[in-house]
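Residues per chain, in single letters:
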Amino acid sequence: TPELLIVANDPAADTWLPGVPRVADRIVGAGGLGGLHAALLHAHREVVVVAWDMPFVPADLLRALVEHRRRFTAFAAVPVTDAPTGMEPFCACYAAACGPALERVLHAGTHGAATFVRSLPRVSWLSRAAVEAFGDPARTFLSVNTREDLARAQSLLQPAG
């Protein structure tokens, strides 16, 4: 994409990727959905989101999500995964039209991303098989949240043998 945006409430995020603008959540305390909301409000068009803690998402997967959403004129294109929710809503493509629905959900107090995605009128699901074409989903969607996760991610960067 020619445009990048960091959505983070920490002012120090201005230094994370020099030259990339940062916006803060407009609805504070809404978690990841608050970040998606801020991105949609800032962009005024479709957005591709990738959670900051997922270092292995390939660009080709992101392009496929955009193409999938557009082909099916869906509100969102979301990969199917083995996660307990059955999806990865923070590696997805969302149409600008999601903004008002997301705002309603957030003001109602719902902060579950899977609940929001399932509330959309049209979702284009990128099948598990399609996701696997871009690599092992366990690696692709690995979230680095703990020291153990970081060690695992670092081990995945090491050449075999």
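Criteria and cut-off values
Residues numbered from 1 in each chain as written. Predicted model: local features only at pLDDT ≥ 70, side-chain atom pairs only at ≥ 80, totals over all residues. Heavy atoms only, no water. Helix = DSSP H or I, 4+ residues; strand = E, 2+ residues; numbered from the N terminus. Buried < 20%, exposed > 50% of the residue type's maximum accessible area, 1.4 Å probe, protein only. Contact = heavy atoms within 4.5 Å. Areas by Shrake-Rupley, 256 points an atom, 1.4 Å probe, with all protein chains shown as cover. Lys, Arg positive; Asp, Glu negative; His and termini not counted. Charge placed at Lys NZ, Arg CZ, Asp CG, Glu CD. 1 Å grid on protein atoms, 1.4 Å probe; cavity = no way out; pocket = protein on both sides within 12 Å on 5 of 7 lines; lining within 4 Å. Points joined across faces, edges and corners; volume = space filled by probe spheres on them.

1. Concerning the overall build of the chain
Along the chain, the regular secondary structure elements total seven helices and six strands. When the elements of the chain are put in sequence order from the N terminus, they spell out β-β-α-β-α-β-β-α-α-β-α-α-α. In terms of its C-alpha atoms, the chain occupies a principal-axis envelope of roughly 50 × 40 × 30 Å. When each of the 161 residues of the chain is scored for burial, the buried share is 39%. The long-range share in the chain, meaning contacts at least 24 apart out of those at least 6 apart in sequence, stands at 57%. Entry remark: accessible area of the chain is about 9,000 Å², with carbon and sulfur atoms responsible for 56%. Treating the 14 positive side-chain charges of the chain as one cloud and the 15 negative ones as another, the clouds have centres 6 Å apart.

2. With respect to the layout of surface pockets
Estimates place the volume of the largest pocket at around 1,400 Å³. Residue lining of the largest pocket: 39 residues in total, with Leu-4, Leu-5, Val-48, Val-49 and Val-50 positioned closest to the centre. For the lining of the largest pocket, the secondary-structure elements that each account for two or more residues are β1 (6-7), α1 (31-43), β3 (47-50) and α2 (59-71). Looking at the lining of the largest pocket element by element, the count peaks at seven residues for α1.

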